[in-house]
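# Tertiary structure, described
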Amino acid sequence: MPVVSKGVTKQSEDFSKWYTDVVRQAKLADYGPVKGTMVIRPYGYAIWENFQGILNQMFKDTGHVNAYFPMFIPEHFLQKEAEHVEGFAPEVAVVTHAGGKKLDEALVVRPTSETIIWNMYKKWISSYRDLPLLINQWANVVRWEMRTRLFLRTTEFLWQEGHTAHATAEEAQDETLKMLNVYKSFAEDYMAMPVITGQKSEAEKFAGAVSTYSIEAMMRDTKALQAGTSHNLGQNFAKAFEVTFQNKDNREELVYATSWGVSTRLVGGLIMSHGDDKGLILPPKVAPYQVVIIPIFRKDTRDLVMDKVDDLVVNLKQAEIRVHVDDDEKSSPGFKFNEWEMCGVPMRVEIGPKDIEKGHAVVVIRHSGAKHFIQLNELVQFLADQQDIVQDELFQRALDFRESNTHTVDNWDDFKETLETKGGFIKAYWNGSSEVEEKIKNETKATIRCIPFDQPEASGKCIYTGEPSSQQVIFAKAY
RNA sequence: CGGGGUGUAGCGCAGCCCGGUAGCGCGCUUCGUUCGGGACGAAGAGGUCGGAGGUUCAAAUCCUCUCACCCCGACCA
């Protein structure tokens, strides 16, 4: 029997399918004509714009300025840093022809901008007085990935990349961790997405970095998502691009560097942190619309209802609440309820003749389904109060979910058993060997997401070799 | 790159085995009735059947080649 699908695939049935269904049905994004490319549609882009607005302010508050560097990079730039070229070579797109002829030197389309930026920094930095240099750019980058998924991994994606230059190693390390914490605040306070901060293992770190730190979040299928990274690049790029400065003692020194970024992948993280079988659930602080009003009327009651709605809109806007009125007369209220639930608007207001008669409106909270009857004169205040309440509940719910899907194990059999039957994050000790990490990955598909800053007092023994170990790490299957 | 799948109306699909003037659902347009959890009726618009060759009186259907996309694995934010 042909089933006309209303709604989306259930999460419990097929999480991947659910994700794709939601992205498309909520009109966040669509596939582009070239394999792996994505069109970010207005509703999805509105979320990204909200991310940008908040992050941009956070960057400025921490002393950074924005700039823009070119997308085309001379091919030999990429080859200057050994690890860097090795890490990115397989996934760069290269332009060999332009202007109707073959180019003398091929141009790579930036997969990240360290090389072109450090090429420029060489020109700009000569004295300790030029430091620190704290620049961010909002840009697109291209990485030719084998397997792509909307928002999570696409051939071209949007991101921000901060690139800083410092006079000392300590300063660079401070900057690296400072920005990691900016990301943590953003994820938790705005996206309501709890994250674990920690250091990446040698195998997982950025190609060209001395050390990489990340924020790791758990999605609703209990898989891990690396949601942001911050790198201490040491003097690697300064060496490669010969960027030196004269210190106070008039001695020449190599500059210390950091870079840090988050991408449109965060939109995917947002979707998979909160969504349910009805569709998206957006935290108020990043939702394009925080309130949707659905007026309920017939021809003869239209003006009565719309008068109230118009008043309400004015007052909500005054209270700086992002509000949308769906007064489309072609679709029924029931249709709109489902539609806006799919789109994840945190709260919905229904106003019809019956409500007006009683002097109230109906408010339905998206994530809980809770229904409230609120007097019209208290409505704006109620909705304003709910913003924070909903925001907090979503964070708490996500945190509870992560905690209840995080398991600590201390022997290899339990490790495999837990991973297979329960999934989620697994805390276990590890001896620090890349070889062991590789073996575990091959045997279980689980990778070390990070070595959390938050470590237990006691030490333990390596989950794989049984050797004594002082570092507990988080294993998980990851996106 | 390995494995699997799909290309027919905007979307989802049937038709292909067994060749004979292209169909269904949703969506879209117009009009009317509806409107408090995915409304209904009537009338319409819309397709070089992914592309190129071939077989045939005749190809969406058979044959050959090709292209594209999706899903699952190895690499990655």
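Note that the structure is a prediction, hence the values are computed from the model and not measured. (Residues numbered from 1 in each chain as written. Chains lettered and ligands numbered in written order. Predicted model: local features only at pLDDT ≥ 70, side-chain atom pairs only at ≥ 80, totals over all residues. Heavy atoms only, no water.)

## Digging into the nonpolar core
Counting residues in each nonpolar core, the largest one holds 56 residues, and the members touching the most others are Leu 28, Phe 51, Phe 151, Met 193 and Ile 271. Looking at this core element by element, the count peaks at 8 residues for helix α2 (residues 42-61). In terms of domain composition, this core takes at least three residues from each of domain 1 (15-274) and domain 2 (291-385). In this structure, Phe 77, Tyr 121, Ala 165 and Leu 233 belong to the second largest nonpolar core, which totals 29 residues. (Core = buried A, V, L, I, M, F, W, Y, C linked by side-chain atoms within 4.5 Å. Buried < 20%, exposed > 50% of the residue type's maximum accessible area, 1.4 Å probe, protein only. Helix = DSSP H or I, 4+ residues; strand = E, 2+ residues; numbered from the N terminus. Domains from an automatic or database assignment.)

## Thoughts on the packing of aromatic side chains
Within the structure shown, the criterion is met by 21 aromatic pairs. Aromatic pair Phe 51 and Phe 186: ring centres 5.3 Å apart, planes at 85°, arrangement edge-to-face. Highlighted residues: Phe 51 in helix α2 and Phe 186 in helix α6 (residues 169-190), separated in sequence by 135 residues. An aromatic cluster is built from Trp 48, Phe 51, Phe 59, Trp 138, Tyr 183, Phe 186, Tyr 190 and Trp 260, whose rings are joined through pairwise contacts. Over the aromatic face of Phe 401 sits the side chain of Arg 220, whose NZ or CZ is 4.9 Å from the ring centroid. Across the ring face of Tyr 190, the terminal group of Lys 285 is positioned such that the distance to the ring centre comes to 5.2 Å. (Phe/Tyr/Trp six-rings, centres within 6.5 Å; stacked < 30°, edge-to-face > 60°. Lys NZ or Arg CZ within 6 Å of the ring centre and 35° of its normal.)

## What to know about the layout of surface pockets
Taken as a whole, the largest pocket encloses approximately 1,500 Å³ of empty space. Within the residue set of the lining of the largest pocket, elements represented by two or more residues are α4 (82-88), β8 (156-166), β11 (224-234), β14 (256-263) and β22 (447-452). When the residues that make up the lining of the largest pocket are grouped by side-chain class, the tally is 13 nonpolar, 14 polar and 18 charged. Here the lining of the largest pocket gathers at least three residues from each of two domains, domain 1 (15-274) and domain 3 (406-476). The volume enclosed by the second largest pocket comes to roughly 570 Å³. Along the walls of the second largest pocket sit 20 residues, with Gln 25, Asn 338, Glu 339, Trp 340 and Met 342 positioned nearest its centre. Those elements that place two or more of their residues in the lining of the second largest pocket are α2 and α10 (333-342). (1 Å grid on protein atoms, 1.4 Å probe; cavity = no way out; pocket = protein on both sides within 12 Å on 5 of 7 lines; lining within 4 Å. Points joined across faces, edges and corners; volume = space filled by probe spheres on them. Nonpolar A, V, L, I, M, F, W, Y, C, P; charged D, E, K, R; others polar.)

## Brief notes about the environment of Asp 276
With respect to the helices and strands, Asp 276 occurs in the loop between α8 (265-274) and β15 (291-295). Sequence spacing of Asp 276 and Ser 12 is 264 residues, and the spatial spacing of their C-alpha atoms is 9.9 Å. Non-local contacts of Asp 276, meaning those with residues more than four positions away in its chain, are made with Gln 11, Trp 18, Ile 281 and Arg 366. A distance of 2.8 Å separates a polar side-chain atom of Asp 276 from the backbone nitrogen of Lys 278. (Contact = heavy atoms within 4.5 Å. Polar contact = N/O pair within 3.5 Å; in protein donor to acceptor, adjacent residues only side chain to side chain.)

## A few points about the domain arrangement of chain A
Many analyses report the size of an interface as the accessible area lost when the parts associate. Each assigned domain of chain A is listed with its residue range as follows: domain 1 (15-274), domain 2 (291-385) and domain 3 (406-476). If you average the C-alpha positions of domain 2 and of domain 3, the two centres end up 50 Å apart.

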